[in-house]
Amino acid sequence: MGFFDFMTEDIAIDLGTANTLIIHNDKVVIDSPSIVARDRISGKIIAVGKEANMMQGKTHENIKTIRPLKDGVIADFDASEQMIKMLIRSIPALQKRLFTPALRMVICIPSGITEVEMRAVKESAERVNGKEVYLIHEPMAASIGIGIDIMQPKGNMIVDIGGGTTEIAVIALGGIVCDKSVKIAGDVFTNDIIYYMRTQHNLFVGETTAEKIKIEIGAAIEDLDSPPDDMSVQGRDLLTGKPKQVEVSSREIAKALDKSIQRIEDAIMETLSQTPPELAADIYNTGIYLAGGGSMLRGLDKRISQKTDLPVFIAEDPLRAVVRGTGMALKNLNKYRSILIK
């Protein structure tokens, strides 16, 4: 095994709908948008990650930008494989190697995923030289990343709002006791903003702009303690067809997102109502943990807290909580072997 060990590299991957993160040697070495750009004529992938992201919405007919993952699962098998391959190849430490090392990987998957989709992820990994591939459920990885000791006989509730799905789970004894996966998350918020801008301002904005609005002034409640300044948004006027600019406030965005956030709240309430009483007692004391990019929406913690009457905590660096947890699971394979899917 010695020689083979020397030849093997450990990597942890959080394959997300919006962002893909990779940890190698305890460092996040890749943090890039899950998007590729393909040349329509040759079929070759010409850009991946940040570079492809900049092309989004600005392409001519010979270039197509593809987001290979939809709702947390692989929608475009070929593109996702190319993306994983190119991202792994761009890890600085692995570029120095003469030939591609065998990889031992832990990959994070949504908990509502089917067997078939699980196999798709595994096969993609094996095709990029993954010799030992383990899968871990997203809420598990997120809770390890937040720093919860999931092996304890104690209940913890975790809400992970990603790009494609919101994962809600109650975890105890290293297992998921009850969970719910809803397809309302960052992407839906972005589309809500596009729709709001169209209907309220007669302004047609692209996905990239809508996402920027979400990040800069997005909010979950209308009365924020320290609201961000209004933002100038440029797009196309639907009436005249001319480019135009409007001012948008965070109150408006809170209005735009209200319905979707309500559905996430309902899913949380439903999960709480299915929780066994002993675990419900634990959660009353420990509260709810938020992870994922969606948890950074201003006032969301306050809103969920008002709805559930529970304390709500946001993970530090919520965007990386899942990949941190995946990395820890990889490092302590023996401790977490029971929760990994081989």
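What comes next concerns the included structure. Owing to the predicted nature of the structure, the values given are computational and were not obtained by experimental measurement. Per-chain numbering applies: the sequence of each chain, read as written, is numbered from 1 onward. Per-residue local features are limited, in this predicted model, to residues with pLDDT of at least 70; the limit for side-chain atom pairs, both in listing and counting, is 80 or more; totals at the level of whole chains, interfaces and linings are taken over all residues. Each side-chain value is derived from all of the structure's non-hydrogen atoms; neither hydrogens nor water enter the calculation.

1. So, the packing of aromatic side chains
Then step 1. Classification of ring pairs uses Phe, Tyr and Trp, with its six-membered ring standing for Trp, and accepts pairs whose centres are within 6.5 Å; under 30 degrees between planes counts as stacked, over 60 as edge-to-face, and the remaining range as tilted. For the structure shown, the criterion picks out one aromatic pair.
Then step 2. Their ring planes at 35° and their centres at 5.6 Å tell us that Tyr289 and Phe313 sit as a pair that is tilted. In this pair, Tyr289 is assigned in strand β17 (residues 288-291) and Phe313 in strand β18 (residues 312-314), connecting sequence segments 24 residues apart.
Then step 3. Think of it in three bands: with a 1.4 Å probe and only protein chains considered, a residue is buried below 20% of the maximum accessible area for its type, exposed above 50%, and partly exposed in between. Judged by its relative accessible area of 38%, Phe313 falls in the partly exposed class.
Then step 4. Here, a charge over a ring means that NZ of Lys or CZ of Arg falls within 6 Å of the ring centre while also lying within 35 degrees of the ring normal. When the ring centre of Phe204 is taken as origin, the NZ or CZ atom of Arg198, which lies over that ring, is 4.8 Å away.
Then step 5. The ring of Tyr134 carries Lys342 above its face, with NZ or CZ at 4.7 Å from the centroid. Put simply, DSSP marks the helices as runs of H or I at least four residues long and the strands as runs of E at least two long, and each gets a number from the N terminus on.

2. What about the sheet that holds strand β16 (residues 243-248)?
Then step 1. A strand pair is defined by DSSP finding two or more bridges across the two strands. Judged by pairing direction, the sheet is antiparallel, and its three strands sit side by side in the order β14-β15-β16 without closing on themselves. Only two strands of the sheet have a single neighbouring strand rather than two, namely β14 (203-204) and β16.
Then step 2. As judged from the six bridges shared by strand β15 (residues 231-237) and β16, these two strands associate in the antiparallel manner. Across the sheet, residue Ser232 finds its bridge partner in β16, namely Glu247.
Then step 3. Whether two residues are in contact is decided by their heavy atoms, any of which lying within 4.5 Å being enough. Each axis is a line fitted through C-alpha atoms, and for a helix only the stretch in contact is used; angles between axes span 0 to 180 degrees, taken between their N-to-C directions. Packed on one face of the sheet, helix α7 (residues 186-201) meets β14, β15 and β16 and runs near 100° to β16.
Then step 4. Here helix α8 (residues 207-217) sits on the sheet in contact with β15 and β16, set at roughly 160° to β15.

3. What to know about the pattern of salt bridges
Then step 1. What counts as a salt bridge is simple: a side-chain nitrogen of Lys or Arg found within 4 Å of a carboxyl oxygen of Asp or Glu. Under the criterion given, the structure shown has 15 salt bridges.
Then step 2. Across the salt bridge formed by Lys180 and Glu270, the nearest N and O atoms sit 3.7 Å from each other. In this pair, Lys180 is assigned in strand β13 (residues 175-182) and Glu270 in helix α9 (residues 250-274), connecting sequence segments 90 residues apart.
Then step 3. For Glu270, a relative accessible area of 36% translates into the label partly exposed.
Then step 4. In this structure, Arg303 engages Glu265 in a salt bridge whose closest nitrogen and oxygen atoms are separated by 2.9 Å. Of this pair, Arg303 sits in helix α11 (residues 300-308) while Glu265 sits in helix α9, placing them 38 residues apart in sequence. Take Arg303 and Glu265: they sit in the same class, and that class is buried.
Then step 5. If you follow the salt bridges from partner to partner, you end up with Arg67, Asp187 and Glu207 in one network.

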